[in-house]
Amino acid sequence: MTLPRRGRGRRDNGLDAALWSPVRDVDPRVGEHLLDVLLDAGIAAYLEPATDVEPYTRTVSLPSPPSDRLFVDRARRVEASSLVDRHAEPRPAGPPAREERPDLDADAEFARIVAAFEAEHGRTAVSDEPRDDPPPPPAEPAVLDAPEEHYEPPPPPPLPVLAPASLYALVLIVVGVVLIVAPGRVGLSLDVGLVLGVAAVAGGVAVLVSRMRDRSDDGDDGAVV
């Protein structure tokens with residue numbers, strides 16, 4: 001069986017197999033190294049970018065971080081798996097760990113560093129006597145110390161003073177209502193009280209209406225309807 005067509009770069013070790021089986025996902029940094037290890041053992045292998053398939057939507061996505069899926073000859077899968085487990089971890093690229101010195105005195109080392117600093121920059125003068133400086137004032141006054149603010153409403157406007165003619169018209173209307181409702185209190189019959197009461201109420205209303213028309217005519221706000 002011919003190997004499937006693959007992308008650019010070294011993605012196989014040049015050996016061929018009849019059937020293929022995936023072994024595991026490996027770090028791309030060690031992919032070519034694993035191909036060489038399997039080539040030395042005579043096991044055909046190739047790499048493909050690993051993909052994840054969602055179980056419900058069946059969409060394909062790349063894992064994070066990206067990895068390569070290693071396929072090997074199915075007939076030698078067990079042998080290849082053991083080789084991959086021994087060589088799959090990438091080598092650390094950082095500096096070697098510092099060797100711990102159990103005989104190192106931390107206090108003596110710190111004193112040596114301080115002495116070297118003072119020899120280069122001079123000794124820092126520190127006053128032994130405590131200072132009695134007053135604390136700085138607060139940036140904002142306290143809420144309890146803030147002056148109280150009260151809203152004082154302006155005095156109410158004075159009540160309007162009725163003109164004599166308007167006052168007389170109101171009195172005439174009140175008398176007319178009394179004559180209509182209880183004419184017997186002023187010694188009049190019901191018919192006479194009704195006629196006089198209606199006349200008094202009509203006269204009072206006419207006076208008020210005429211006062212309103214006169215007041216609207218005094219200004220120059222437009223035509224009077």
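See the structure shown above.
Below is a summary of the structure that appears in this document. (Residues numbered from 1 in each chain as written. Predicted model: local features only at pLDDT ≥ 70, side-chain atom pairs only at ≥ 80, totals over all residues. Heavy atoms only, no water.)

## Description of the overall build of the protein
What the protein contains, in helices and strands, is five helices and five strands. When the helices and strands of the protein are listed from N to C terminus, the series reads β-α-β-β-β-β-α-α-α-α. In the protein, which comprises 225 residues, the proportion classed as buried is 18%. Of the roughly 18,600 Å² that the protein leaves accessible, carbon and sulfur atoms contribute 59%. (Helix = DSSP H or I, 4+ residues; strand = E, 2+ residues; numbered from the N terminus. Buried < 20%, exposed > 50% of the residue type's maximum accessible area, 1.4 Å probe, protein only. Areas by Shrake-Rupley, 256 points an atom, 1.4 Å probe, with all protein chains shown as cover.)

## Here's the deal with a nonpolar patch on the surface
There is a patch of nonpolar side chains on the surface, built from Leu162, Leu167, Tyr168, Leu170, Val171 and Val175 and spanning about 580 Å² of accessible area. The class of valine 175 is partly exposed, set by a relative accessible area of 40%. (Patch = residues over 30% accessible without salt bridge, like charges linked within 9 Å, V, L, I, M, F, W, Y side chains within 5 Å. Salt bridge = Lys/Arg side-chain N within 4 Å of Asp/Glu carboxyl O.)

## Observations concerning helix H1 (residues 31-40)
Turning to H1, its buried residues are Gly31, Leu34, Leu35, Val37 and Leu38. Buried residues along H1 cover an arc of 160 degrees about the axis, so they all sit on one side. Where H1 is buried, its residues contact strand S1 (20-26), strand S2 (45-49), strand S5 (68-73) and helix H2 (77-87). A positive backbone phi angle near 75 degrees is found at glycine 42, which sits one or two residues after H1. (Arc of directions from axis to C-beta. Contact = heavy atoms within 4.5 Å.)

## Structural notes on the pattern of salt bridges
Counted by the stated rule, this structure contains five salt bridges. A salt bridge links aspartate 85 to arginine 24, with the shortest nitrogen-to-oxygen separation between them at 3.3 Å. You can see aspartate 85 sitting in helix H2 and its partner arginine 24 sitting in strand S1, a full 61 residues away along the chain. Put simply, arginine 76 and glutamate 79 hold a salt bridge, and the shortest N to O gap is 3.1 Å.

## Regarding the nonpolar core
Membership of the largest hydrophobic core comes to 16 residues, with the highest contact counts inside it found for Leu34, Leu38, Ile43, Ala45, Leu70, Val72 and Val84. Counting residues per element, the ones that place at least two in this core are S1, H1, S2, S5 and H2. Among the elements that take part in this core, H1 stands out by supplying four residues, more than any other. Each residue touching leucine 38, except ones within four places of it in the same chain, is listed here: Asn13, Ile43, Ala45, Leu70, Val72, Ala80 and Leu83. Ranked by size, the runner-up nonpolar core spans five residues in total, among them Ala17, Trp20, Ala44 and Phe71. (Core = buried A, V, L, I, M, F, W, Y, C linked by side-chain atoms within 4.5 Å.)

## Remarks on the packing of aromatic side chains
All told, the structure shown has two aromatic pairs when counted by the stated rule. The interplanar angle of 85 degrees and the centroid separation of 4.8 Å between the aromatic rings of tryptophan 20 and tyrosine 46 together place this pair among those described as edge-to-face. Taken together, the positions of tryptophan 20 in strand S1 and tyrosine 46 in strand S2 put the pair 26 residues apart, joining distant regions of the chain. For tryptophan 20, a relative accessible area of 11% corresponds to the buried category. Look at tyrosine 46 and you get buried, because its relative accessible area is 5%. Centre to centre, the rings of tyrosine 46 and phenylalanine 71 are 5.0 Å apart; their planes meet at 5 degrees, and the pair counts as stacked. Pair noted here: tyrosine 46 is in strand S2 and phenylalanine 71 is in strand S5, with a separation of 25 residues, a long-range link. (Phe/Tyr/Trp six-rings, centres within 6.5 Å; stacked < 30°, edge-to-face > 60°.)

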